[in-house]
Amino acid sequence: QVQLVQSGGGLVQAGGSLRLSCAASGRTFSSYAMGWFRQAPGKEREFVAAMSRSGVRTYYADSVKGRFTISRDNGKNTVYLQMNSLKPEDTAVYYCAAAAQYYSGSFSDRYDYWGQGTQVTVSS
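For clarity, every value in this text was computed on a predicted model and none was experimentally measured.

Thresholds, definitions, all that
- Residues numbered from 1 in each chain as written.
- Predicted model: local features only at pLDDT ≥ 70, side-chain atom pairs only at ≥ 80, totals over all residues.
- Heavy atoms only, no water.
- Helix = DSSP H or I, 4+ residues; strand = E, 2+ residues; numbered from the N terminus.
- Rg over C-alpha atoms; globule rule 2.2 N^0.38 Å.
- Buried < 20%, exposed > 50% of the residue type's maximum accessible area, 1.4 Å probe, protein only.
- Areas by Shrake-Rupley, 256 points an atom, 1.4 Å probe, with all protein chains shown as cover.
- Lys, Arg positive; Asp, Glu negative; His and termini not counted.
- Charge placed at Lys NZ, Arg CZ, Asp CG, Glu CD.
- Core = buried A, V, L, I, M, F, W, Y, C linked by side-chain atoms within 4.5 Å.
- Contact = heavy atoms within 4.5 Å.
- Disulfide = S-S within 2.5 Å.

Novice: Pulling in residues and values, what's your account of the overall build of the chain?
Specialist: Secondary structure summary: the chain contains zero helices and eleven strands in total. Listing every helix and strand of the chain by position from the N terminus yields β-β-β-β-β-β-β-β-β-β-β. Against the compact-globule benchmark of 14 Å for 124 residues, the chain has a radius of gyration of 13 Å, which places it among compact chains. Reported as C-alpha extents along the three principal axes, the dimensions of the chain are approximately 40 × 25 × 25 Å. In the chain, buried positions account for 46% of the 124 residues. Carbon and sulfur atoms form 44% of the exposed surface of the chain, whose accessible area is close to 6,300 Å². Taken as two groups, the 13 positive and 8 negative side-chain charges of the chain have centres that lie 7 Å from each other.

Novice: Lay out the nonpolar core with the relevant residues and their values.
Specialist: Among the nonpolar cores identified, the biggest contains 39 residues, and Leu-4, Trp-36, Leu-81, Met-83 and Tyr-94 are the most heavily contacted of them. The set of elements that each furnish at least two residues to this core consists of β3 (18-24), β4 (33-39), β5 (46-51), β7 (68-73), β8 (78-83), β9 (92-99) and β11 (118-123). No other element matches the six residues that β9 contributes to this core. Once you skip the residues sitting within four places of it in the chain, Leu-4 turns out to touch Cys-22, Ala-23, Ala-24, Met-34, Cys-96, Ala-97, Ala-98, Tyr-113, Trp-114, Gly-115 and Gln-116.

Novice: Explain the state of the cysteines to me, using residue names and the numbers behind them.
Specialist: Taken as a whole and assessed by the stated rule, the structure comprises one disulfide. Put simply, Cys-22 and Cys-96 are joined by a disulfide, and their sulfur atoms are 2.0 Å apart. One quick way to see it: the torsion about the S-S bond of Cys-22 and Cys-96 is about 60°, and its sign makes the bridge right-handed. With Cys-22 in strand β3 and Cys-96 in strand β9, the pair connects residues that are 74 residues apart, well separated along the chain. The burial state of Cys-22 is the same as that of Cys-96; both residues are buried.

Okay, structure coming up:
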């Protein structure tokens, strides 16, 4: 069992930056692939970024490529999402997720555990 606790987020102006954190319980964090997803009001949840459990492999949605960076610190049991050059269309509730496998990519049904979600609001 893994519990994911998110922090960060908030309100920022367009062009600004935010960093989301997701801390995992347990001592097997390095065994989990990690991902970030988001859900805007009235829309389905969508993939944002993914990272393999080793941290070597990453994958981004086209909409955030070049602006967002996923990273992990296995010593701190934490995954991060650095978001730069934010746009109003990035406004959503962001969720981190963990999968008990090497890499899960963009498929939400491959993730076993989810964080509580954190609101990101980008004003124009």
